[in-house]
Amino acid sequence: MAEVKIEKWVYGGAGLGRTDGQVTLVPFVMPGEQVRVEPVKQKTGMVEGRVAEWLERSEARIEPACPYFEKCGGCHYQMAPYDMQVAQKAEILREVLRRVGKIEAPEKIETISAEPWGYRNRSQFHFGPQHSLGFKAAGSDRVVDVDKCPISAPLINDALKKLRGLRRDKHFPRFLKEIELFTNGEQTMVNVLSTEGSRGVAKGFFDWLGLQIPGASEGALEYAAAGEKFRVSHKSFFQVNRFLADEMVKCAIEGAEGKTALDLYAGVGLFTLPLARRFEKVTGVESDGSAVRDLEFNAERSGVKAKALRLQSEQYLENLTATPDFVLADPPRSGLGKAVVKHLVRLLPPRLSLVSCDPATLARDAAVLIGAGYRFEKMTMIDLFPQTYHIETIVLMVR
């Protein structure tokens, strides 16, 4: 065991310290704390460990609000005041851009935050032995039984409570492994994500659930956000923070103007519809069939002109010759990738808005764009995932 002084938080949720020239990563610690660390995993030049003994605790440390903190694998920062979490995330973002992309963030990184509890409109739960229902422990398949999740919306917790009771009923299918609850604040949709042996689930099960959980048997929910109304089907993605969707859209389309706009990884149209109210011609590109159908429906119902295409972003871009006036991209954690960035560099749209959920892939993509003549006009860290290490960033880039 080694004594470690925690220098800072790093992306991934751990605190970083050094012992004998080795980087030591420890979860659930605060900058400035002194701990004795028990090694869990060792690599060349790096040790991952856990706290064996507290030698000095931070005066900023607070009592976690959740009894399952440190047990379930969901949250990382509940022991820290929320304003500290937000400030630290902005610095972690700056450090990742510098380390991974060799690029500098703007002098000022804007931050947007909201209520840090009860914010999740979508949560996934696992079924375990002895009627347990909850989250998987960090780095393990063991299910931590929970009766409430403080970062999930009230209706999700209501549905969780009802599911826990219904699970004891003889009619409840014992082969369920993982479910997802998604709420619009009035109804809660229940999606089965996995079962033992990939067994199908009868429609009657959802109808039965719907008697206890309003919305459980629905195939889609209506979700109001950014002044628009969205149909979100059970296989379609939608942003998970119920307090920040409006701010997110406002920030992502700030300064967007011209005749043509392109929304890559468009989903059900969270950005496409507001863009269609600003531009003459908007194209939303999305690879998921369910989301594209929702996007088409949402655009038609709202009365805006927006073309929805079911394609991979790189497939669409490789055949595009006319440069759009504005491009917005909200890729998955893997980022834009080489092919998409290559086409953006070929087309050179005057304004780009990148919505990123992983600072490392943002750093990689932005470095290439900066090398092609773009610069950061504005960078915003929007805290969609309070109490966790996850960082959402919106960058506006101009040539």
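As the structure is a prediction and not an experimental result, all values here were calculated from the model. (Residues numbered from 1 in each chain as written. Predicted model: local features only at pLDDT ≥ 70, side-chain atom pairs only at ≥ 80, totals over all residues. Heavy atoms only, no water.)

(A) The nonpolar core, seen in detail. Counting 116 residues, the largest nonpolar core has Phe125, Phe238, Leu264 and Met397 as the members making the most contacts within it. Here the element with the most residues in this core is helix α1 (residues 82–101); it accounts for eight residues. Discounting residues that sit within four places of it in the chain, leucine 264 has contacts with Val285, Ser313, Leu317, Val327, Leu328, Ala329, Asp330 and Val340. Among the nonpolar cores identified, the runner-up in size contains six residues, and Val4, Ile6, Val29 and Val37 belong to it. (Core = buried A, V, L, I, M, F, W, Y, C linked by side-chain atoms within 4.5 Å. Buried < 20%, exposed > 50% of the residue type's maximum accessible area, 1.4 Å probe, protein only. Helix = DSSP H or I, 4+ residues; strand = E, 2+ residues; numbered from the N terminus. Contact = heavy atoms within 4.5 Å.)

(B) The arrangement of the pattern of salt bridges in detail. This model, assessed by the stated rule, comprises 20 salt bridges. In this structure, the salt-bridge partner of glutamate 7 is arginine 18, at a minimum N-O distance of 3.1 Å. Of this pair, glutamate 7 sits in the loop between β1 (2–5) and β2 (8–9) while arginine 18 sits in strand β3 (residues 14–19), and the two are 11 residues apart along the sequence. Glutamate 7 gets classed as partly exposed once you look at its relative accessible area, which sits at 41%. Note that glutamate 254 is salt-bridged to lysine 378, the shortest N-O span being 2.9 Å. Remark: lysine 378 occurs in strand β20 (residues 375–382) and glutamate 254 occurs in the loop between α4 (245–252) and β15 (260–264); sequence separation between them is 124 residues. By relative accessible area, glutamate 254 is classed as partly exposed at 33%. Connected through shared salt-bridge partners, Glu3, Arg36 and Glu53 make up one network. (Salt bridge = Lys/Arg side-chain N within 4 Å of Asp/Glu carboxyl O.)

(C) How the structure looks around the packing of aromatic side chains. Scanning all chains against the criterion turns up 13 aromatic pairs. Their ring planes at 55° and their centres at 5.8 Å tell us that phenylalanine 127 and phenylalanine 172 sit as a pair that is tilted. Placement of phenylalanine 127 in strand β8 (residues 122–127) and of phenylalanine 172 in the loop between α2 (154–166) and β11 (176–183) is noted, with a sequence separation of 45 residues between them. A single burial state applies to phenylalanine 127 and to phenylalanine 172, both of which are buried. A centroid spacing of 6.0 Å and a plane angle of 25° characterise the contact between phenylalanine 279 and phenylalanine 326, whose relative ring orientation is stacked. Of the two residues, phenylalanine 279 is situated in the loop between α5 (272–276) and β16 (281–286) and phenylalanine 326 in strand β18 (residues 326–329); the sequence distance between them amounts to 47 residues. For the pair phenylalanine 279 and phenylalanine 326, one class covers both residues: buried. (Phe/Tyr/Trp six-rings, centres within 6.5 Å; stacked < 30°, edge-to-face > 60°.)

Function cannot be inferred from these measures alone, as they are strictly geometric.
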